Amino acid sequence: MTLAVSVMGLSIAAAMLALILVSLRRREPVVPESDMTEALQDRLWQIAESEERYRVLVEATTEAVVQRDGQGRITFASAGFAALLGMKPLELIGSTLSPQVIERGASEQRADGVRVVEERLVPVDGLPRWFSFIEMPVSGSVDGPNWLRAGQDVTARVEAARVLDEAKSRAEAANVAKSRFLATVSHELRTPLNGILGMADLLLDTRLDPEQRTYVEAFRTSGKALLGLVDGILDFSRIEAGRLDLAAEPFDVAALVEGVVELLAPRAQDKGLEIALDIADDLAALRVGDADRVRQILVNLAGNAIKFTQAGGVGVSLARSGEGQGEGLVLTVEDTGPGIPEERIPILFEEFEQGDDSASHEGTGLGLAITRRLVERMNGTIEARSTVGRGSTFRVMLPLPAAEGAMSPETSSSETPSLAPRKVLIVAASPYQAPFLARRLSRSGAAAVVVNSAEAGLDALSGVAFDALIADRSLGDAAVRRLAAEAARSGVRCSLILLSPFDRREFGAPNAAGFDSYLIKPVRARSLFDRLLEPRPAPTRSPADATAKTGTSQPGPRQPAPVKTTPGKTGSNQTAARGRRVLLAEDNPINALLATKALERLGAQVIHARDGLEALAAAEGQGPFDLALIDIRMPGLDGLETARRIRAREAETGATPLHLVALTANTGREDVDAASAAGFDGFLPKPLNLRALPALLDRRQEEAA
């Protein structure tokens, strides 16, 4: 537009000069003719100088300028535009020539009528170049408005942007390919691991001498370690590929945390550690979120604490944070481990990092990285505090809202049993279980006293009238028996012994040692209240008998501790499953052998199909079956399509639905959802947990009954 104004200005100046000359000719000369000529020359020189300055300015800022009339004819062209066509500016006047456009890029139409467009042109030298043009209308002639077009070479910018986009696309494609590769490799690793771990379990159920049993347990332990690494890699690959979808379903967070702590208890107690749990009274336990991922976060944090702690224990706390719409959860995991150097805490949650930079630790260092990403995906935060030589604390805050119909914090607190004004003595050399019990009792109105030795406990009993005694067996059998005897002499109404799951059979009947009952570590709150509010001494019963009669026993872990089984161990399960017919569709011969032998040991009759087509034929020609275990990934007809066809046939014939359970090494949520959508009733991940089969067969028997 500025160029057009300049051209118009020059035209007006020339016209004015012409008028001045005509006027001077009509008048009588008032000045000498030589002076007038000199003044006119000065004026023309000034105009030429101004025009040159403007031309230099335009050419310095704009490489190609062209102006056309309403018919598309060139009325002005800069040297840069003419060079694109290999011509001179004056040669273009009146022509409609234009460089060849081979590609058009971004285009923008502004409100003031100005248009910005990017075009790739082919100049006379044949080397394509990108130009960014600004087009605007200017005052024209009778043929319509003229159009001024000014452009600049932006080849370097456009090509740099394209190179960057291409590099980004290649990186994203490579990342997705890497993640798919890792997922595929992880699946293929889980398949042979299923055979290794499953056969180890079967072998441990045979007659082995102590040396052989040690060897079998060693390679089973190694297999489980490898399985943990595979699972970590698979989770990390899902997160990297952006394939991690979070569920938003109601779940009981208190029950979830209790289950995880009890699941990890045998691992901790194998190392001589304690693990304890404290859940706040004012917590609304029913929350909306992804229960599986919350469980994974806790397993990673508490599992790491057990792994790196050599003495003492691990404490897990669950409380609420915030109020109203901002209410959430606070999950805290503490340990008495070696601690983490302060300078390493900022990088602790990065990939492949450990608590220190030594090479003495096992694992990939992905656990905390995965945990951080899961927490961030839930819009939560995670932080770590540590003191070298004293332990570490990890704190996770998750904004999980309370589910509709969940009990309010006030209601939860009001339903907690009151123990006021009881006095309870806790005798335990315990970093977490004893303080957590005291905290729990205090919130219920009781006065709790904690001492860490049998001698201190005896002194306390002799000086204060207590209503209850809780003594930890880890103090020693002789010490706890003395405490029980002193409590009886002092009139204590309820004496409880703290036992680990491994202590139950070894310790014998609590009554024989002078105790009224027992509590299993980690202690659940409801078991604590049951014991203190309704003590039921039974001198002639063992702990197992007391459990059966009262029904108020401390619930055991959801997954039993590893035990050394014997050949006759599964006799009761054989009776329960005898005569059950199971269809097994599995293409891998080792996995098929493993599942077949495990089911046959339970008394089931197994019909094996090597692919989906054989499974369909067996279901139609050799039925009915009580249960079908179908591998998802089979050649030919896969497990998902097999399930769909079985369900379609049942719908057509009105047959009783067959209980279908999917077997797969892919354990992502999308895999579970796909199995459910195909018609499966259950989902068993590989490596196959043989201990899950008896319960599965028992469930089918109950449904049939």
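Criteria and cut-off values
Residues numbered from 1 in each chain as written. Predicted model: local features only at pLDDT ≥ 70, side-chain atom pairs only at ≥ 80, totals over all residues. Heavy atoms only, no water. Pairing = 2+ DSSP bridges. Helix = DSSP H or I, 4+ residues; strand = E, 2+ residues; numbered from the N terminus. Axes fitted to C-alpha atoms, helices over the stretch in contact; angles between N-to-C directions. Parallel < 35°, antiparallel > 145°, perpendicular 65-115°, else oblique. Contact = heavy atoms within 4.5 Å. Nonpolar A, V, L, I, M, F, W, Y, C, P; charged D, E, K, R; others polar. Salt bridge = Lys/Arg side-chain N within 4 Å of Asp/Glu carboxyl O. Buried < 20%, exposed > 50% of the residue type's maximum accessible area, 1.4 Å probe, protein only. Phe/Tyr/Trp six-rings, centres within 6.5 Å; stacked < 30°, edge-to-face > 60°. Lys NZ or Arg CZ within 6 Å of the ring centre and 35° of its normal. Arc of directions from axis to C-beta. Polar contact = N/O pair within 3.5 Å; in protein donor to acceptor, adjacent residues only side chain to side chain.

*Asks:* I'd love a proper account of the sheet that holds strand S22 (residues 660-664), names of residues and values included.
*Replies:* In spatial order, the strands read S20-S19-S21-S22-S23; together these 5 strands make up an open sheet with parallel pairing. With partners counted over all chains shown, the strands left at the sheet margins are strand S20 (605-609) and strand S23 (682-685), one partner each. Neighbour-to-neighbour, the strand axes of this sheet turn through a mean angle of 20 degrees, independent of strand direction. Across 5 bridges, strand S19 (residues 581-585) lies against S20 in parallel orientation.

*Asks:* Please set out the packing of helix H20 (residues 639-653) against helix H21 (residues 669-678) residue by residue, giving values where relevant.
*Replies:* Contact geometry for H20 and H21: axes closest at 8 Å, N-to-C directions at 25 degrees. Regarding the angle of H20 to H21, the classification is roughly parallel. The residues of H21 that touch H20, namely those facing Leu640, Ala643, Arg644 and Arg647, are Ala674, Ala675 and Ala678. Among the residues making up the contact of H20 with H21, the classes are represented as 5 nonpolar, no polar and 2 charged.

*Asks:* Account for the sheet that holds strand S14 (residues 423-427), naming residues and giving values.
*Replies:* The strand order across the open sheet built from 5 strands is S15-S14-S16-S17-S18, with neighbouring strands paired in parallel fashion. Across the chains shown, the open sheet's two edge strands, defined by having one partner strand only, are strand S15 (447-451) and strand S18 (517-520). Averaged over all pairs of adjacent strands, the angle between their axes in this sheet comes to 20 degrees, without regard to strand direction. Bridge analysis of S14 against strand S16 (residues 468-472) gives 4 bridges, and the strand direction is parallel. Paired with Val427 across the bridge in S16 is Ala471. Helix-sheet contacts for helix H13 (residues 477-489) involve S14, S16 and strand S17 (494-499), and the interaxial angle to S16 is about 175 degrees.

*Asks:* Would you mind going over the pattern of salt bridges in detail, with residue names and values included?
*Replies:* The full count for this structure, using the stated rule, is 35 salt bridges. The salt bridge partner of Glu258 is Arg526, with a shortest N-O separation of 3.9 Å. Here Glu258 is found in helix H7 (residues 253-270), whereas its partner Arg526 is found in helix H15 (residues 525-533), with 268 residues between them in sequence. Residue Glu258 is classed as buried on the basis of its relative accessible area of 12%. The partner of Arg644 in a salt bridge is Glu641, and the shortest N-O contact between them spans 3.1 Å. Placement of both Arg644 and Glu641 in helix H20 is noted, with a separation of 3 residues, approximately one turn of the helix. Residue Arg644 is classed as partly exposed on the basis of its relative accessible area of 40%. On the basis of relative accessible area, Glu641 is assigned to the partly exposed category, the value being 26%. By sharing partners, the salt bridges in this structure join Arg104, Arg115, Glu119, Glu135 and Arg149 into a single network.

*Asks:* Pulling in residues and values, what's your account of the packing of aromatic side chains?
*Replies:* Tallying each qualifying case throughout the model produces 2 aromatic pairs. Ring centres of Tyr432 and Phe436 lie 6.0 Å apart, and the angle between their planes is 50 degrees; this geometry places the pair in the tilted category. When the ring centre of Tyr518 is taken as origin, the NZ or CZ atom of Arg531, which lies over that ring, is 5.4 Å away. Its end group placed over the ring of Phe625, Arg581 keeps NZ or CZ at 4.7 Å from the ring centre.

*Asks:* Just give me the short version of helix H19 (residues 612-621), but keep the residues and values in it.
*Replies:* Those residues of H19 not exposed but buried are Gly612, Ala615, Leu616 and Ala618. Buried residues of H19, viewed axially, fall in a sector of 165 degrees; they line one side. In this structure, H19 carries Leu613, Glu620 and Gly621 as exposed residues pointing more than 90 degrees from its buried face. Lining the buried residues of H19 we find S19, S20 and H20. By the N-cap criterion, in which a side-chain oxygen at the helix start approaches the backbone nitrogen of a residue two or three places on, H19 is capped by Asp611, the distance to Leu613 being 3.1 Å.

*Asks:* Tell me about unusual backbone geometry, and please be specific about residues and values.
*Replies:* The residue after Ala420, namely Pro421, is reached through a cis peptide bond having omega 0 degrees. Relative to the elements of secondary structure, Pro421 occurs in the loop between helix H10 (409-414) and S14. Here the residue pair Lys521 and Pro522 is connected by a cis peptide bond, since its omega of -5 degrees sits within 30 degrees of zero. Structurally, the position occupied by Pro522 is in the loop between S18 and H15. Look at Asn379: it is not a glycine, yet its phi comes out positive at around 65 degrees. By secondary structure assignment, the location of Asn379 is in the loop between helix H9 (367-377) and strand S12 (381-387).

*Asks:* I'd like a rundown of the pairing of strand S10 (residues 313-321), residues and numbers included.
*Replies:* Each regular strand shows side chains that alternate between the opposite faces of the sheet. Where burial is concerned, most of S10 is hidden: 7 out of the 9 residues are buried. Relative to S10, strand S8 (residues 274-279) runs parallel, the two sharing 6 bridges. Residue pairing across strands places Glu274 opposite Gly313, the latter belonging to S10. Note: S10 against strand S11 (residues 328-335), 8 bridges, orientation antiparallel. Its bridge partner lying in S11, Ser321 is registered against Gly328.

Nothing here speaks to function; it is all geometry.
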